[in-house]
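A structural walkthrough
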Amino acid sequence: MKKMVMDKKESKSSFVPIPAFRFSTNTVLTGRGIYQELRLSTAFIRQIITQKPGALKLVIPLSNSETVTCELVKFDLGNIKFTENNKEVIQDVKIPVTYRGIISGEQNRNNVVLTVNENYLSLIATTTDRTLQLTRADETDPLTYRLYNSRQIAFPVTPIDCGTKSESTSPLVAAIQSHGFVSKLNTVQDKCVNVYVDCFDSLYVKRGSNKDSVISYVYELFNAVATGYFNEQINVEIMGINVWTTTDPYRGDTRENALADLANYNQDNFWGNICVGLDFSTTLIGRSGIADDIGRVKANSPGNCKAYGPNVSACCYNDLNYTTIATGATDFPVGPSTTGAAIYLVMHEMGHLLGAHHTFWCGWKLSSNPDVYGAIDSCGGVEGTCAQGPPPPPTGATIMSYCVGYGTPSQFVDFNNGFGPLPGAAIRNFVDQTQCIASCLACLIQHQSRAESDWAVHSKLPAAAARNERPPIVPAPLLYTGSKEVYWKWANANAIQSTR
């Protein structure tokens, strides 16, 4: 992440300073510590949405006398198609503006993600020794925000209980494991993992039965998730977001049944490499998540490089409510924002689909000559037959571990540690070697193919249809949300290549 910011500076880009917050007061949260109340400048969100600066300098007050400065670079999560109940295209979507970057002058590893939309702002900053989370205090007050600093307030500890089977059905995963792994690359891989996000009706209700709120939440969540994968040299983009505003077709009794229904409903008929289901169960809590296999993806376009079969699919299920009620800390942090535990859960389940086992799996190749296999750490017992692994280091554990809420308080997962050497290399190798995940340029063409398949929705002008014209290729970060009558003019204005 630091390299990305430095590259932006070397390109002579200006990091635009926009005044955002002023310190208001310290407030006690009973039993947990203190947080800071900040007041948002009324002009900040408007300036971000209208100007969309490519690089941003954001100052956050920690007190009356202390601040941190964030250096942020704008990026897009993809050319996303928004649907309601898996059929109606949602028009006139208010698309959030997303940034990622670093804390200026911070010597330790750190990441900052910022998500901004009308009436929506969230910032999460993680360093090796603290987490800062900024979220609106009350839905009725658009200008008062709460800053939670883990040095001053106790964040909830949420044990994870992933239901993913311990062994993969993928021959590619087995081949990669037996031949060892490559080290971390110097640059981000020229491949894009595209995600289809299916939002259960429970999440829609949780977000006040407001589609824009659901979409902003998904952007915030995947802003952090994509940043975590970017740190591992893996591109993650969203290809589609579906919001169930009526009763979804998924059972709510167990996570296994919810995943089975999610897989059976979507099969291979969605745009994207993997399908991520987001639930917010209010009746059966603490279910965490489950992926349908280890190392299983499909091609971006529906029906190609098929992944769906008996008891397997390119889907994972995530019950985001395990991160709140299950710990007795409902809606912490208070406000509309996602939680660190939710980010960890989604990264974890996606990690399974992209080829990584748990860190306590016995099949990790720990060394060669002679080959030694075993568990990476001791959190969560063992999967297989081997001795328990070593305790996690003082710097914290990694995303595929269970080192949250188990054992001593010193066991924790640090977002900045990413997936760790072996699981991270397993994912990079899988993404690199599977033919089902395309290069970023090929993904751009896939976006074009999807645009053509959706043409009946957007509708060509009659004259264009009579000439059997194809729509132009539009860069993936751009998204058309206006009326169908002006689509053709918009597409030509933004095209990188005409196919007429």
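The present account deals with the structure reproduced in this document. Everything numeric here is computed off the predicted structure, so don't read it as measured data. Think of each chain on its own: its residues are numbered from 1, step by step along the sequence as written. With pLDDT at 70 or above as the cut-off, local features in this predicted model cover only qualifying residues; side-chain atom pairs require 80 or more to be listed or tallied, and sums for whole chains, interfaces and linings still use all residues. The side-chain figures draw on all heavy atoms in the structure; neither hydrogens nor water molecules are used.

Helix and strand labels come from DSSP, where a helix needs a run of H or I of at least four residues and a strand needs a run of E of at least two; each type is numbered from the N terminus. Turning to its location among the elements, M400 is positioned in the loop between β19 (372-374) and α8 (421-433). Separated by 44 residues in sequence, M400 and A356 have C-alpha atoms that sit 7.5 Å apart. Once residues within four sequence positions are removed from consideration, M400 is found in contact with H348, G351, H352, A356, H357, H358, T359, F419 and P423. Contact definition: two residues touch when any of their heavy atoms are within 4.5 Å.

Moving on, we get to the packing of aromatic side chains. Centres within 6.5 Å make a pair out of two Phe, Tyr or Trp rings, where for Trp the six-membered ring is used; the pair is then stacked when the planes are under 30 degrees apart, edge-to-face when over 60, and tilted otherwise. Taken as a whole and judged by the stated rule, the model has 11 aromatic pairs. Ring plane angle 75° and centroid distance 5.6 Å describe the contact between F21 and Y145, whose orientation is recorded as edge-to-face. Here F21, found in strand β2 (residues 21-29), pairs with Y145, found in strand β12 (residues 141-149); they are 124 residues apart in sequence, far enough to count as distant. Only protein chains enter the area calculation, which uses a 1.4 Å probe; residues under 20% of their type maximum are buried, those over 50% are exposed, and those in between are partly exposed. Residue classification places Y145 among the buried positions, given a relative accessible area of 0%. Ring geometry for W361 and W364: centres 5.4 Å apart, planes at 80°, overall edge-to-face. Here W361 falls in the buried class, since its relative accessible area comes to 8%. Using a relative accessible area of 1% as the deciding quantity, one classes W364 as buried. Put simply, the rings of F200, W244, Y250, Y265 and Y317 pair up and form one aromatic cluster.

This next bit is on the packing of helix α5 (residues 211-230) against helix α7 (residues 340-353). Axes, fitted as lines to C-alpha atoms, cover a helix only where it is in contact. Angles between the N-to-C directions of the axes lie from 0 to 180 degrees. One way to put it is that α5 packs onto α7 with a least axis distance of 9 Å and a crossing angle of 60°. Looking at the two axes, α5 sits oblique to α7. Between α5 and α7 lies a crossing whose hand is right-handed. Contacts from Y217, L221, F222, A224, V225, G228 and Y229 of α5 reach α7 at A342, I343, V346, M347, M350 and G351. Per-class residue counts for the contact of α5 with α7 are 11 nonpolar, 2 polar and no charged. Roughly parallel means an angle under 35 degrees; roughly antiparallel, over 145; roughly perpendicular, 65 to 115; everything else is oblique. Crossing handedness is defined as follows: a turn of the near helix away from the far one that is anticlockwise and smaller than a right angle gives a left-handed crossing, while the clockwise case is right-handed. For this classification, Asp, Glu, Lys and Arg are treated as charged, while Ala, Val, Leu, Ile, Met, Phe, Trp, Tyr, Cys and Pro are nonpolar and the rest, including Gly, are polar.

DSSP-based pairing: two strands are paired if at least 2 bridges between them are found. Judged by pairing direction, the sheet is mixed, and its 7 strands sit side by side in the order β7-β6-β14-β13-β15-β17-β16 without closing on themselves. For this open sheet the edge positions go to β7 (88-89) and β16 (289-291), each flanked by a neighbour on one side alone. Each of β6 (81-84), β13 (192-199), β14 (235-243) and β15 (274-279) is contacted by α5, which is oriented at about 160° to β14, the strand it contacts most.

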